[in-house]
Structures are given as structure tokens and as C-alpha cells.
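# A structural walkthrough
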2 protein chains.
Amino acid sequence: MRTDLCDLFGIDVPIVGFSPSEHVVAAISKAGGLGVLGCVRFNDPGELDAVLTWLDHEVGDRPYGVDVVMPGRVPTEGTPSDLNELIPPGHRDFVERTLMRLGVPPLGVDESSRAGVLGWLHSVARSHVEVALTHPARLIANALGPPPADVIEQAHAHGLQVAALAGRADHARSHLAAGVDVVVAQGYEAGGHTGEIGSMVLIPEIVDAVGGRVPVLAAGGIGSGRQIAAALALGARGVWMGSVWLGTAEYQATQALREALLKAGSGDTVRSRVYTGKPARLLRNRWTEAWNDAEAPRPLPMPLQNLLVSRAHDRLMASGDPSVVPMPVGQIVGRMNEVRPVAAVLADLVTEADETLARLAKLT
Amino acid sequence: MRTDLCDLFGIDVPIVGFSPSEHVVAAISKAGGLGVLGCVRFNDPGELDAVLTWLDHEVGDRPYGVDVVMPGRVPTEGTPSDLNELIPPGHRDFVERTLMRLGVPPLGVDESSRAGVLGWLHSVARSHVEVALTHPARLIANALGPPPADVIEQAHAHGLQVAALAGRADHARSHLAAGVDVVVAQGYEAGGHTGEIGSMVLIPEIVDAVGGRVPVLAAGGIGSGRQIAAALALGARGVWMGSVWLGTAEYQATQALREALLKAGSGDTVRSRVYTGKPARLLRNRWTEAWNDAEAPRPLPMPLQNLLVSRAHDRLMASGDPSVVPMPVGQIVGRMNEVRPVAAVLADLVTEADETLARLAKLT
């Protein structure tokens, strides 16, 4: 299974794999796909720099990419402490009460000194871009539409391709106009930020909107070789997969997260604003359900909601309770039934996709 | 493009086409697919009998099917007038106020003598089955899970295949246990009653759950040949398409409905309980949005909600206003951009599916 995406990036199979884990990213790139490192967790640009240095060494001449979270419109923002003042006390009370009610213990002294995740802030996302440009990354992807024009220019000047996620055809047309090189058509089924149009409908719609000018990657609901073949049938040149790698040996999940992922079926996710303030698909559990209570406040807009719940996320994850882990994941979580190395997962994807293409060839 | 579904039903292409219009159904069957007539609109079994007699004559020896709406659990029900007493007056007031506010005129004397749609009642659905069994229909499909055991037995005794829609893998397993012959895996994208799992994820999940024991048809988001090829890649033996026929010349749409369908994009539908009491995907418009107002009551359970809004639906449809038409339709409404005959639509589906299979064959 080869498409022109393989030539564009110098990869063996048209599979782009997103992960916040550098171990997963390295394994994907080494196995013939394009690993893309999610940067939102790096508060400190120096830490990202060190991780990319490790990645450069690990993958050798294999290509990789980075993914940042940069809203198209630059929000008014200040320091985290300024922003914290914008969070209503009632919201803080609700979070604290809910954690108590769910039996989630406070963090230990060491853990509570962390600052929470700041990568949702525009200034922090820009620092990620600056660091990435000093490394041989081949792709910079933005999870929230096209990056600002100067970021695209800089990326192009450094020889990077720029990708942007699109949940509607008009998003894809804006991305093209902004100079984006690869459009990721991400359907409703996807984990994390996602829209309301299912992949079956969205992918060919965006392929048609883009009209062959740039490659379209299919995202959302892709977790098996049959789904890769279906994405190619819909006109995508390759796939963008994120959730599937959460179930690999290289992803350093807590025991509670691993249990929750292995147990969840395709119906056990929810699209909700509680994680970042924008609709994102998460594991549905006692924490996400608590925000449906009659007394629950409405989630705050980005970036305030994530500032509000960031410390709660640390507590929920540290609790060791699988029924409260805060985790973005797509509907393909239902296929995650055992923990395996990235290379084995990727090899199976390719085998099943090839078998599917061979099966389809017999129907003509 | 042929699968074993073609042999099972004696059809040329593995396309099953659902429509409430006998004209559409006849045209699908005559063009080589399997037309399936939606029966919910027939209050009078005699009327259905007359329509099926017309259909028998029209399609000759071409196969066709019927679709009924029969909840798995038989609800307590009485006459429509008994049921009407269960509708809270506040709900009636809201409907009346909303129609006024939206500028929807009352019906004329002739129109207002109609009884509303009763096919959602179990007793009426059973009368549809009895009528269908006296005609050479080849398939009886139930839109709400497996029909009752005696209906399946009767259908089998008359040589009919029985199909049931499934929105989750456990539904499909129940259908198999009940003796259903064909499972329709219907994803979130679909028009009408639909679940929360997208087609890309649901179809292979149900194919795996069924394990080859019966054929799986893919429904939800199928409106083009690429989408048919994708469904086959996911393991379906054929497709079940409903929305696409609303845009054909044979479907006798009002001018307002036609305008609304041609104008709507893939993002202009909503999954809502306002049509029947169960979640169903509809055109999103001023009528569906009115039910999101702070003062709006929660929709009633099936069958009360449809009794509540049935007369309102007649008024909304008769109003001639495209911005209020009450219409179940899937996300592929975004592809409906011109009105064409069924045979031309079907021919294009087959051509594009064949082209897609040929394109995929080159990737191996």
C-alpha cells in the first residue's frame, strides 16, 4: 500500500501517527510511518528541545513531525496568573467539590508543585514552533486550523510541510488559502478536538473541496487496516491516527489509564467541552458525567477551562481510579483490547489494509 | 461491483434503497437495486395494500422489500385518543405558540381532517406486516431492532428475509439471536433514528460481531460511489441508502422541502428527539432549534412525541417555508445539489464505486 504521501515525506506507508509520547513517535517513524509529536504538554521550551534532540538521535534519518495547538485567532492573554483571575470562584468550587465526591485524593507535595498544562496558551505554542524549527522536523501540524501566516512562512523557509486539521469543508478551503500543505480531515469519531460531521461524509467532502491541490489525510475512526482502506476509497492519500497508539507498549500509561482504555467500548466516549473549553472527544466516565449534573456550571471558553481543570486532571490521573481518568480518545477505543508494541500494531495495519485492497479487487 | 448480496436477493448491484415513496422504490428495483418501501406513513392497511399492488405490477419480477417501525418491546398502548390524553397540555401549548411565532399558518379544512401519522404505533406496524405477507415482497426490515419472534417466524414461513437496523454491536448480536437474516449497521451520520457511533467505527465493529453468519449492510453517510466502496472495504456486503433518494425526481417533495434539501450542507442536520421521541437526525432549522429554547419542554417518549407534533408537521410542511420543513435526512444531504431521476443517481453510484475499486487496485 503506497500513495504519493510516501514520496512527499520519504515514508514506507501512508500512515501518520500522532502521539504526545516521544517513544511512540520514534517507534512509528522507525517502523516506516511518520511519527508526529504532540507538544501541548511542554510548558518549558527547553524540555521540548531536549526531547527533540533525543528524537533526532533515535530516528536517525527517518522523518518526523510536531503538532502544536494554536488557535487561528490570537486570544487576548496574559500570564497564567492574570488568566487565573478570570476563572469564576463558583467553577473552582464545583471542581473541588466534584473531586471530593468522586473520592479523588489531593496530590502529594512533589506533584502539586507542577504548573499544569500551559501549551494551550498561544505564547507557549509559539515557543514550540521556534524550538521545532531548530530541529530536522519535516512537518508542523496545527490542531486548531491554520497557524498564523508568519508561522507558515517560517516553516516553509525551513523546508517544513504545514498541516492543519479540518472538521468542515470550509475550514479546508481556508487552510488552502492560508498556504497549508496538507489537510487533515478529522471526523466526529476522532479523539480530542473534533466536529460533528462523521468521517464517512467529511473525508470525501474535504477531498472534493481541496480538489487535489494538496493531499488530504483521513482522521477519526481509523484504527484498523480496513479503516485505512476505506479512507483511501474516500479519496484520502493517507491516514492520521492518534488514539490507536495509546494502547501500545511504548505509551507510558498509568495502570488506571491502561485499564480504562482496554475496558472501554466504542460507545464509551463523549464529545464534551470539559477538557479544554472546545468540544473534544474523551473517555466517558464519572468525571465527564459530573459536568452533566444539574448543579454543574457550563465549561469556560479556551484557554480558561483547561487552566481550571489542569490541576484536577493531575489529581484524577494520580488517583489510580480507572473510572475517572481524564483522557482524549476516539471511538476506535473499542478496538483496543491488548497492549502491543508500535511496530506490531503498524505491521498489522498494513497487512490488513493490503488484504482489504486485495479483497476489493475481486469485486470488480 | 457484485457481492453475494446480489445472489441473495437477485439484484444487479448491492444497493438497498429505502424510501417512503413507492415511485422511488419501484425505480430503484427496476434499475437493479433492492427498493424498500417505508410503511410508517400508512394509517390504513388498505392503502398500503393498494400501493403494494401497484408496486407488484410496476416492478414485475424484480424484488422489493418493506420497512416497518416496530419497537422490540411492545409498549402499552390504546387508541390514539387514549394516548392523546397522556400528552401534557404544556407541550401542546408550546407547539402551538412555536408555530405562531414561526409564522406557520393553520391547515385548510381538507388537510386538517387527516389523522396524523399512526405508523409508530405497534398495532399499526403489525397491520403493515400482515399486508406485506400477502404480496411478493422479498425483505421485511424493522427500523427499531428485531421484530417480535412471531413476526420473524411468519416472515420466514412466507420466504421473506428479515433485516433489522443496529446502531451498536450488542444490538447486532441480539438481532442474530432473534433470527434476523440481514443486519443493517447504521452509523451516526444517518437520517432518521440513529445512534452515536460513526459509520467508520460501527460498520467493521458490527461485521466482526456478526462474524460472517449473516450479511451486514452499511448505512449512514452513504451517498456516493466512493462511500459505497469504503463500506465494502469496511466489510459490508452492500449498502442501505435512504437520504439520497429524497433528491430524486421520483420523490414527490414539496417545493419548500426541495429547496431546503438542495441548500443544506453536511453540517445542517441535527440529531434530536423532537420528531418521534427517540434520537433521529433531521434537517436543522427554525423548528428544530425552537426546541432548544430555554422555555421549550423536553420531548415526550415514543409514541407520544410523534402524536404531539404530527399535526404540526403537516402545518410546517404545508407552510411552503423552507426554513421550517420537518424532515429526517442524513449528513449526505450536503451532496444533494440537483434533482435527478433515480436511475441516473444509481448509475452514477455504480460507476463511481467501480472507478474507486479500480483506483484502489493500483495501490497494491
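Every value quoted in this text rests on a predicted model; they were computed, and no experiment measured them.

Thresholds applied
Residues numbered from 1 in each chain as written. Chains lettered and ligands numbered in written order. Predicted model: local features only at pLDDT ≥ 70, side-chain atom pairs only at ≥ 80, totals over all residues. Heavy atoms only, no water. Helix = DSSP H or I, 4+ residues; strand = E, 2+ residues; numbered from the N terminus. Buried < 20%, exposed > 50% of the residue type's maximum accessible area, 1.4 Å probe, protein only. Contact = heavy atoms within 4.5 Å. Areas by Shrake-Rupley, 256 points an atom, 1.4 Å probe, with all protein chains shown as cover. Lys, Arg positive; Asp, Glu negative; His and termini not counted. Charge placed at Lys NZ, Arg CZ, Asp CG, Glu CD. Least-squares fit on C-alpha atoms with pLDDT ≥ 70 in both. Salt bridge = Lys/Arg side-chain N within 4 Å of Asp/Glu carboxyl O. Core = buried A, V, L, I, M, F, W, Y, C linked by side-chain atoms within 4.5 Å. Buried area = accessible area lost by both parts, 1.4 Å probe. Polar contact = N/O pair within 3.5 Å; in protein donor to acceptor, adjacent residues only side chain to side chain. Nonpolar A, V, L, I, M, F, W, Y, C, P; charged D, E, K, R; others polar. Axes fitted to C-alpha atoms, helices over the stretch in contact; angles between N-to-C directions. Left-handed = near helix turned anticlockwise from the far one by under 90°. Pairing = 2+ DSSP bridges. Domains from an automatic or database assignment.

### With respect to the overall build of chain A
Broken down by element type, chain A carries 15 helices and eleven strands. In terms of overall dimensions, chain A has C-alpha extents of about 60 × 45 × 40 Å along its principal axes. Scored against the burial criterion, the 364 residues of chain A give a buried share of 60%. The contacts in chain A between residues at least 6 apart in sequence include a share of 68% that link residues at least 24 apart. Counting every atom, chain A has about 13,600 Å² of accessible surface; 52% of that belongs to carbon and sulfur. Of the charged side chains in chain A, 31 are positive and 40 negative; the average position of the first set lies 6 Å away from that of the second.

### Thoughts on the relation of the copies chain A and chain B
Applying a rotation about an axis and a shift along it to one chain copy brings it onto the other copy. The transformation that overlays chain A on chain B combines an axial shift of 0.0 Å with a rotation of 180°, and the residual RMSD is 0.0 Å. Expressed as an axis order, the relation between the two copies is that of a two-fold axis. Rotation axis and chain A: the residue whose C-alpha lies nearest the axis is A:A230, separated from it by 2.0 Å. Interface overlap between copies: 100% of the residues of chain A at the interface are likewise at the interface in chain B, consistent with a symmetric, same-surface contact.

### Considerations on the pattern of salt bridges
This model, assessed by the stated rule, comprises 31 salt bridges over all chains. Salt-bridge contacts for B:D150 lead to B:R126; the nearest nitrogen and oxygen are separated by 2.3 Å. Placement of the pair is B:D150 in helix α8 (residues 149-157) and B:R126 in helix α7 (residues 122-132), with a sequence separation of 24 residues. Taking the relative accessible area as the measure of exposure, B:R126 reaches 24% and is therefore partly exposed. Residues participating in the shared-partner salt-bridge network are A:D208, B:R226, B:R335 and B:E352.

### Things to note about the nonpolar core
In this structure, A:I228, A:W245, B:I228 and B:W245 are the most contacted members of the largest nonpolar core, which totals 174 residues. Beyond its immediate chain neighbours, meaning those up to four positions away, B:W245 contacts B:I15, B:G17, B:F18, B:V24, B:I28, B:Y251, B:V342, B:V345, B:L346 and B:L349.

### What to know about the interface of chain A and chain B
The interface of chain A with chain B comprises 40 residues on the first partner and 40 residues on the second. Regarding the contact of chain A and chain B, the summed buried area is about 3,200 Å², with carbon and sulfur atoms giving 60% of it. The closest approach of N and O atoms between B:D208 and A:R226, which form a salt bridge, is 2.9 Å. Put simply, chain A and chain B have 20 residue pairs in polar contact (both at pLDDT 80 or more) between them. Contributing elements (two or more residues each) for the side of chain A that touches chain B: α10 (199-210), α11 (225-233) and α15 (342-361) of chain A. Top element by residues in the side of chain A that touches chain B is α10(A). It accounts for eight residues. Taken together, the residues of the side of chain A that touches chain B break down into 19 nonpolar, twelve polar and nine charged.

### Notes on the packing of α15(A) against helix α11 (residues 225-233) of chain B
At a closest axis distance of 10 Å, the pairing of α15(A) and α11(B) adopts a crossing angle of 120°. The chirality of how α15(A) crosses α11(B) is right-handed. For the pair formed by α15(A) and α11(B), the contact residues are A:T356, A:R359 and A:L360 on the first element and B:A229, B:L232 and B:A233 on the second. Broken down by class, the residue content of the contact of α15(A) with α11(B) amounts to four nonpolar, one polar and one charged.

### Focus: the sheet that holds strand β11 (residues 280-283) of chain B
All names here are of chain B. Spatially, the three strands line up as an open sheet ordered β7-β11-β10, and their pairing is antiparallel. Edge strands, defined here as strands with exactly one partner in the open sheet, are β7 (192-193) and β10 (269-272). Bridge analysis of β7 against β11 gives two bridges, and the strand direction is antiparallel. Directly across from H193, in β11, lies its bridge partner A280.

### Observations regarding helix α2 (residues 22-30) of chain B
All names here are of chain B. The element α2 is extensively covered by neighbouring structure, given that seven of its nine residues are classed as buried. Looking at the buried residues of α2, the elements they touch are β1 (15-19), β2 (34-38), α3 (45-59), β3 (64-68) and α15 (342-361). Taking the backbone nitrogen of H23 as reference, a side-chain oxygen 3.2 Å away marks S21 as the first, capping residue of α2. Phi turns positive one or two residues past the end of α2, at G32, with a value near 110°.

### Some thoughts on the sheet that holds β3(B)
All names here are of chain B. Spatially, the eight strands close up into a barrel ordered β1-β2-β3-β4-β5-β6-β8-β9, and their pairing is parallel. Strand-to-strand twist across the sheet, computed as the mean angle between neighbouring axes with direction ignored, equals 25°. Of the strand pairs in this sheet, β1 and β2 are connected by four bridges, and their pairing is parallel. Bridge assignment links V16 to a residue of β2, and that residue is L34.

### Notes on the environment of B:E205
By secondary structure assignment, the location of B:E205 is in helix α10 (residues 199-210). Under the relative-accessibility criterion, B:E205 is labelled buried at 18%. Separated by 24 residues in the primary sequence, B:E205 and B:A229 place their C-alpha atoms 17 Å from one another. Discounting residues that sit within four places of it in the chain, B:E205 has contacts with A:S266, A:R335 and B:A169. Here the side chain of B:E205 touches A:S266 through a polar contact of 2.7 Å, side chain to side chain.

### Quick notes on unusual backbone geometry
For the peptide bond that leads from A:M302 to A:P303, omega is 0°, which places it in the cis range. Within the secondary structure, A:P303 sits in the loop between α13 (286-290) and α14 (304-318).

### Looking at the environment of A:M1
Relative to the elements of secondary structure, A:M1 occurs in the segment before α1 (4-9). The buried category is assigned to A:M1, whose relative accessible area is 10%. Here the alpha-carbon distance between A:M1 and A:D12, two residues eleven residues apart in the chain, equals 8.7 Å. Those residues in contact with A:M1 that sit more than four places away from it in its chain are A:D12, A:V13, A:P14, A:I228, A:L232, A:V350, A:A353, A:D354, A:L357 and B:L363.

### Here we look at the domain arrangement of chain A
Residue and element names in this part refer to chain A. Here chain A is described as being made up of domain 1 (1-77 + 121-249 + 341-364) and domain 2 (93-116 + 251-337). Taken over C-alpha atoms, the centre of domain 1 sits 24 Å from the centre of domain 2. Each partner contributes to the roughly 2,000 Å² buried at the junction of domain 1 and domain 2, and carbon and sulfur atoms together form 60% of this total. On inspection of domain 1 and its partner domain 2, the count reaches zero salt bridges. The tally of links from domain 1 across to domain 2 stands at 13 residue pairs in polar contact (both at pLDDT 80 or more). Listed by contribution, the elements that provide at least two residues to the side of domain 1 that touches domain 2 are α2 (22-30), β7 (192-193) and α11. Tallied by class, the residues present in the side of domain 1 that touches domain 2 amount to twelve nonpolar, 16 polar and three charged.

### Quick look at the side chain of B:S224
All names here are of chain B. Assignment of secondary structure puts S224 in the loop between β8 (216-219) and α11. A distance of 3.5 Å separates the side chain of S224 from the side chain of E352, its partner in a polar contact. Sequence-distant contacts of S224, defined by excluding residues within four places in its chain, comprise R335, L349 and E352.

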